[in-house]
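An overview of the molecular structure
Chain residues, written in single-letter form:
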Amino acid sequence: MYIIIVGGGKVGYYLAKSLIESNHEVLVIEKDPQRVNVLNTELGVSILEGDGSDVTFLEQAGASRANVVIAVTGDDEDNLVVCQIAKHKFNVARTIARLNNPKNRKVFRQLGIDVTVSSTELILSQIEQSIPAHLLVHLMTLRNAGIHVIEVEVPADSPAIGKPLRELGIPADCIFSLVVREGKESIIPSGDTMLQTGDHVLAVASEQGEAALRQIVFGEKVNQP
Amino acid sequence: MNIVILGCGRTGSYLAKKMVMEGHQVSVVDSNRTSFALLGPDFAGELILGTGIDEDVLIRAGIENADAFVAVTNHENTNLMAAQVAKYTFQVPRAICRVEDPARQEIYRNLGLEIICHTIWEVAKVDEILAQDK
């Protein structure tokens, strides 16, 4: 697929890197010349210096043949306009916007943006579709600590179903804080609690703890970004 | 009329003063407190500090009862997003928005926004002045 990423900050950088590794054709549009230099030396993909919400640069980037345009700048208003221009001017089939302020999710949906996400991993899952959407959502990242608050929906084929939590080998840096079960009272889990299909688990985890959580709940190894 | 103006720069402050003078209820939103100085000490409208793409800020500015919303910050994408929030989330009857980029004017006009593009006006004016010399 041909994928245009607007915004070459941290999210854009890792996103481009992962997409290249999955053999996609990637172009990054970045405004800041200094950042462009960094990307050029470190990434080795096509970088276009310019404003990604400007028709001229999107045209130069070949937006009309792009399969996906992803806007991951630090400003929601820029991400919105990038996606709207990609969609309405260049007929791009799929537009994905990073939300910096989760409050804007409703507005973006109302204005026709296909997908809004708040983390690199979720963007990847939307593109590769190896993980069904919204099974794992980052709710919050605690600054400087590298700790995430995550919500996980337990799929029907989860290997974690039917076993008490204490037998799942959950590491110390991943804490299951709450299990929300539809139609029932929420459970503050103990070692005896058993998960069911459709449960929403709120967990607090480090990067490694999150990887372990994915393995426990989804039964698969997911590449670290 | 109840008018909410986003952006208290040259255009926003001048417009706000004019609208108040014409007897309208005006609130001005800006994320920078010092911008309000442009309104002068006697300004009779409301001042709201905050970012204009935040619904709560717009509600504080009275957008739910506004007859018109005008987005004239220096950042055109902010104007485009705010005007769309005003029009589609809050159903403000008139949502007017300033952009610099003629291409964006065309795209968003097709999407139903009322857009002012000063670049087009300036170029037309210069063209007109030069044409007089021919």
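Note that the structure is predicted; figures quoted are calculated from it, not measured.

What counts and what doesn't
Residues numbered from 1 in each chain as written. Chains lettered and ligands numbered in written order. Predicted model: local features only at pLDDT ≥ 70, side-chain atom pairs only at ≥ 80, totals over all residues. Helix = DSSP H or I, 4+ residues; strand = E, 2+ residues; numbered from the N terminus. Buried ≥ 20, exposed ≤ 12 C-beta atoms within 10 Å, placed from the backbone. Contact = placed C-beta atoms within 7 Å. Nonpolar A, V, L, I, M, F, W, Y, C, P; charged D, E, K, R; others polar. Pairing = 2+ DSSP bridges. Right-handed = clockwise from strand over helix to strand, strands pointing away. Core = buried A, V, L, I, M, F, W, Y, C linked by C-beta atoms within 7 Å. pLDDT = per-residue confidence, 0-100. Axes fitted to C-alpha atoms, helices over the stretch in contact; angles between N-to-C directions.

Moving on to the overall build of chain A. Assigned secondary structure in chain A consists of seven helices and ten strands. Per-residue burial over chain A gives 36% buried out of 225 residues. A separation of at least 24 residues holds for 54% of the contacts in chain A among residues at least 6 apart in sequence.

Before going further, it helps to spend a moment on the interface of chain A and chain B. Across the contact, 15 residues belong to chain A and 14 residues belong to chain B. Among the secondary structure elements, those contributing two or more residues to the side of chain A that touches chain B are α4 (76-90) and α5 (105-110) of chain A. Here the element with the most residues in the side of chain A that touches chain B is α4 of chain A; it accounts for eight residues. The residue inventory of the side of chain A that touches chain B, partitioned by class, reads six nonpolar, three polar and six charged.

Along a regular strand, successive side chains alternate from one face of the sheet to the other. Residues and elements named next belong to chain B. Bridge count between strand β1 (residues 2-6) and strand β4 (residues 68-71): four bridges; the pairing is parallel. Counterpart to isoleucine 3 in the pairing with β4 is alanine 68. Pairing of β4 with strand β5 (residues 94-99), which is carried by four bridges, proceeds in the parallel orientation. The partner of phenylalanine 69 across the bridge, within β5, is alanine 95. Following the chain from β4 across helix α3 (residues 76-89) to the adjacent parallel β5, one finds a crossover that is right-handed.

The next subject is the nonpolar core. Membership of the largest hydrophobic core comes to 73 residues, with the highest contact counts inside it found for Ile5 and Val69 of chain A together with Phe69 of chain B. Contact partners of phenylalanine 69 of chain B, with chain neighbours within four places excluded, come to Val4, Ile63, Ala83, Ala86, Val92 and Ala95 of chain B. Listed in part, the 15 residues of the second largest apolar core include Ile150, Ala160, Ile170 and Val179 of chain A.

Okay, the confidence of the model for chain B next. Mean pLDDT for chain B: 95, with 99% of residues reaching 70 or above. Our summary of model confidence lists the complex with pTM equal to 0.69 and ipTM equal to 0.89.

Attention shifts here to the sheet that holds strand β2 (residues 25-30) of chain B. Sheet strands pair by backbone hydrogen bonding; their relative direction is either parallel or antiparallel. Residues and elements named next belong to chain B. Reading across from one edge, β3-β2-β1-β4-β5-β6 is the order of the six strands in this open sheet, with parallel pairing throughout. Sheet topology places β3 (46-49) and β6 (114-117) at the edges, where each strand pairs with a single neighbour. For this sheet the average axis-to-axis angle between neighbouring strands, irrespective of direction, equals 20°. Here helix α1 (residues 10-21) sits on the sheet and contacts β1, β2, β4 and β5; the angle it forms with β2, its principal contact strand, is near 165°.

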